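Structure at a glance
Listed below, chain by chain, are the residues.
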Amino acid sequence: MSKDSIWLLSQMQTLLKAPDRYTVTDDGSTDRACGNGKHKRTFSAHMKVPASPNAHTALIVDAGDVSGFLVSRGYELDTEAGMVRKSANKYVEAVFNKKARTHITVTLTANDTSTLNYILTATTDCL
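The model shown is predicted, which means the values in this text are computed figures rather than measured ones.

1. Topic: the overall build of the protein chain
In terms of helices and strands, the protein chain carries 3 helices and 9 strands. What you see in the protein chain, going N to C, is helices and strands ordered as α-β-β-β-β-α-α-β-β-β-β-β. Within the protein chain, buried positions represent 38% of all 127 residues. Considering only contacts within the protein chain whose residues lie at least 6 apart along the sequence, 55% involve residues at least 24 apart. Within the structure as shown, the protein chain displays about 6900 Å² of accessible surface, and the carbon and sulfur contribution to it stands at 52%.

2. Quick look at the nonpolar core
Judged by nonpolar contacts, the single largest core of 22 residues is most densely connected at Leu8, Leu9, Met47, Ile104, Tyr118 and Leu120. When residues of this core are traced back to their parent elements, those giving at least two are α1 (2-15), β4 (42-50), α3 (65-71), β7 (90-97), β8 (102-110) and β9 (115-124).

3. Focus: the side chain of Thr42
With respect to the helices and strands, the residue Thr42 is situated in strand β4. Given a relative accessible area of 16%, Thr42 falls into the buried group. For Thr42, the side chain forms a polar contact with the side chain of Asp26, separated by 2.5 Å.

Each value, and the rule that gives it
Going along each chain's sequence as written, the residues are numbered from 1 onward. Where totals are concerned, whole chains, interfaces and linings use all residues; where local detail is concerned, this predicted model gives features only for residues with pLDDT of at least 70, and gives and counts side-chain atom pairs only at 80 or more. The basis for the side-chain values is all heavy atoms of the structure; hydrogens and waters are excluded. Secondary structure elements follow DSSP: runs of H or I no shorter than four residues count as helices, runs of E no shorter than two count as strands, and numbering proceeds from the N terminus. For every residue, the accessible area (1.4 Å probe, protein chains only) is compared with the maximum for its type, and the residue is labelled buried under 20%, exposed over 50%, or partly exposed between those bounds. In what follows, residue pairs with any heavy atoms lying within 4.5 Å of each other are defined as contacts. Using a 1.4 Å probe, the Shrake-Rupley method yields the accessible areas, and only the shown protein chains count as cover for residues. In this text, buried Ala, Val, Leu, Ile, Met, Phe, Trp, Tyr and Cys residues form a nonpolar core when linked through side-chain atoms within 4.5 Å. Contacts described as polar in this section are N or O atom pairs within 3.5 Å, which, within protein, must combine one atom able to donate a hydrogen with one able to accept it, while residues neighboring in sequence count only if both atoms come from side chains.

Written out as structure tokens, the structure reads:
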């Protein structure tokens, strides 16, 4: 889970021309109880990226690359999570890898016309 997440963050950092490296806020190294004696792992990270002159267009163009990047790594759009959700200042795309039992959600939010917040969260199924 973490290696796919880190790989995706690195790809998106380059694509989005982020001047600063992402910050990992949960490294996925801790088991978290989720009932019936099962556990899952979570991972999360964020980075700020410069927006294009039209931040709302950038949300759609930039986030739309997420599933494209991860297809070769066995991920597909997560229809149970609503696949892709977008509004005027927010874009959310969810993907999953059935074999790895891992879900990744990417959220891009435009706070103003110059900066986008990029948040990646990943979780395994309860195993």
